[in-house]
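One-letter residues, chain by chain:
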Amino acid sequence: METSSFVTSLATSFLIFVVLLILHSIFSRDPANDVIYYPAKKIKNVPNYRQPGLFGWLREAWSVSEDEIIKQAGLDAAIYMKFLASGSLICLISLNFLHS
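Residues numbered from 1 in each chain as written. Predicted model: local features only at pLDDT ≥ 70, side-chain atom pairs only at ≥ 80, totals over all residues. Heavy atoms only, no water.

A.B. asks: Account for the confidence of the model for the chain, naming residues and giving values.
C.D. replies: Confidence along the chain averages 85 in pLDDT terms, with 95% of residues attaining 70 or more. Averaged over each element, pLDDT in the chain is lowest for helix 3 (residues 39–43) (77) and highest for helix 1 (residues 3–29) (91). (pLDDT = per-residue confidence, 0-100. Helix = DSSP H or I, 4+ residues; strand = E, 2+ residues; numbered from the N terminus.)

So this is what it looks like as structure tokens:
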């Protein structure tokens with residue numbers, strides 16, 4: 001594969017990612033879309049608090065505790081999130097050892 005075609009593909013994919021991230025941030029802020037973005041909270045009548053700002057959902061995602069995940073999404077979701085976090089940590093540690 002040529003370097004220029006790889007860079008073009010990478011730039012195109014990154015641009016699509018940024019556009020989709022911005023669209024998600026805009027649409028998830030609209031209270032009319034709560035049924036789509038927060039269905040479990042709507043069913044359980046949990047108040048939907050939002051962090052201020054366009055990317056406030058990122059701060060909310062990073063700051064949520066495991067107990068809150070269990071309470072609102074269930075034990076399966078908490079175990080899945082723990083699995084993803086552990087897998088990410090293992091990948092970061094292994095990449096660190098590869099480069100040293």
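Once you've had a look at it, read on.
A.B. asks: Account for the environment of Ser-88, with residues named and values stated.
C.D. replies: Considering the arrangement of structural elements, one finds Ser-88 in helix 6 (residues 75–99). Accessibility expressed as a relative area gives 43% for Ser-88, which makes it partly exposed. Along the chain, Ser-88 and Phe-55 lie 33 residues apart, while their C-alpha atoms are 22 Å from each other. (Buried < 20%, exposed > 50% of the residue type's maximum accessible area, 1.4 Å probe, protein only.)

A.B. asks: Can you explain the environment of Trp-62? Please cite residues and give values.
C.D. replies: Checked against the element boundaries, Trp-62 lands in helix 4 (residues 56–63). Here the alpha-carbon distance between Trp-62 and Leu-95, two residues 33 residues apart in the chain, equals 23 Å.

A.B. asks: I'd like a description of the packing of helix 5 (residues 66–73) against helix 6, backed by residues and values.
C.D. replies: Between helix 5 and helix 6, the least distance of the axes is 7 Å, while the angle of their chain directions is 140°. The orientation of helix 5 relative to helix 6 falls into the category oblique. Where helix 5 abuts helix 6, its residues Glu-66, Ile-69, Ile-70 and Ala-73 lie against Leu-75, Ala-77, Ala-78, Met-81 and Lys-82. Here the contact of helix 5 with helix 6 is built from residues that sort into seven nonpolar, no polar and two charged. (Axes fitted to C-alpha atoms, helices over the stretch in contact; angles between N-to-C directions. Parallel < 35°, antiparallel > 145°, perpendicular 65-115°, else oblique. Contact = heavy atoms within 4.5 Å. Nonpolar A, V, L, I, M, F, W, Y, C, P; charged D, E, K, R; others polar.)

A.B. asks: Break down a nonpolar patch on the surface for me, citing the residues and quoting the values.
C.D. replies: A contiguous nonpolar surface patch, about 1,100 Å² in accessible area, is contributed by Leu-15, Ile-16, Val-19, Leu-20, Ile-22, Leu-23, Ile-26, Phe-27, Leu-54, Phe-55, Leu-58 and Trp-62. Among the secondary structure elements, those contributing two or more residues to the nonpolar patch are helix 1 and helix 4. Within the secondary structure, Leu-54 sits in the loop between helix 3 and helix 4. (Patch = residues over 30% accessible without salt bridge, like charges linked within 9 Å, V, L, I, M, F, W, Y side chains within 5 Å. Areas by Shrake-Rupley, 256 points an atom, 1.4 Å probe, with all protein chains shown as cover. Salt bridge = Lys/Arg side-chain N within 4 Å of Asp/Glu carboxyl O.)

A.B. asks: I'd love a proper account of the environment of Phe-6, names of residues and values included.
C.D. replies: In this fold, Phe-6 is placed in helix 1. For the pair Phe-6 and Val-35, spaced 29 residues apart in sequence, the C-alpha to C-alpha distance is 39 Å.

A.B. asks: So what about the packing of aromatic side chains? Which residues, and what values?
C.D. replies: Tallied over the entire structure, the rule returns one aromatic pair. Geometrically, the ring pair formed by Phe-14 and Phe-17 is tilted, given 6.3 Å between the ring centres and 40° between the ring planes. Of this pair, Phe-14 and Phe-17 both sit in helix 1, three residues apart, which is roughly one turn of the helix. Given the relative accessible area of 55%, Phe-14 is considered exposed. (Phe/Tyr/Trp six-rings, centres within 6.5 Å; stacked < 30°, edge-to-face > 60°.)

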